[in-house]
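Each chain, letter by letter, is given below.
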Amino acid sequence: METEQKLRVLAKIASKLNTAGIVWDVGASLLLYLHGITDEFHDIDLMVRQEDADDAAEILDRLGTRSVPKAPDPKY
């Protein structure tokens, strides 16, 4: 997926979360990208408040399909 398409996805997610009053933020390589520290990002890492987690999950479930997490990389 190209950067512009990923940013459109982020905008759609942000709109839904904001409308629901969910406090959220981005992290990892997307945060670095938005601050001009890196030229690319591969995925969208979102953080929400613990008390908003269930509502955020419901919104995200309506927007797409959950993927099966990969086995954790041992270097992390």
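Residues numbered from 1 in each chain as written. Predicted model: local features only at pLDDT ≥ 70, side-chain atom pairs only at ≥ 80, totals over all residues. Heavy atoms only, no water.

Chemist: Tell me about helix α1 (residues 3-19), and please be specific about residues and values.
Modeler: The end-to-end C-alpha distance of α1, which contains 17 residues, comes to 24 Å, matching closely the 24 Å that a straight helix rising 1.5 Å per residue would cover. Those residues of α1 that sit buried are Lys6, Leu10, Ile13, Ala14 and Leu17. Down the axis of α1, the buried side of the element spans an arc of 105 degrees, and every buried residue falls inside it. Exposed positions of α1 whose direction lies more than 90 degrees from the buried face are Glu4, Arg8 and Thr19. At its buried positions, α1 is contacted by β1 (24-27), α2 (28-34), β2 (45-48) and α3 (53-63). Trailing α1 by a residue or two, Gly21 shows a phi angle of about 75 degrees, which is positive. (Helix = DSSP H or I, 4+ residues; strand = E, 2+ residues; numbered from the N terminus. Expected span 1.5 Å × (residues − 1). Buried < 20%, exposed > 50% of the residue type's maximum accessible area, 1.4 Å probe, protein only. Arc of directions from axis to C-beta. Contact = heavy atoms within 4.5 Å.)

Chemist: Which residues make up the packing of α1 against α3, and what values do they have?
Modeler: Working note: a packed helix pair is described by the angle between its axes plus the distance between those axes. At a minimum axis separation of 10 Å, α1 and α3 run at an interaxial angle of 140 degrees. What the angle tells us is that α1 and α3 run oblique. When you trace α1 past α3, the crossing you get is right-handed. Taken together, the residues of α3 that come into contact with α1 (itself represented by Lys12, Ile13, Lys16 and Leu17) are Ala56, Ile59, Leu60 and Leu63. The class makeup of the residues in the contact of α1 with α3 is 6 nonpolar, no polar and 2 charged. (Axes fitted to C-alpha atoms, helices over the stretch in contact; angles between N-to-C directions. Parallel < 35°, antiparallel > 145°, perpendicular 65-115°, else oblique. Left-handed = near helix turned anticlockwise from the far one by under 90°. Nonpolar A, V, L, I, M, F, W, Y, C, P; charged D, E, K, R; others polar.)

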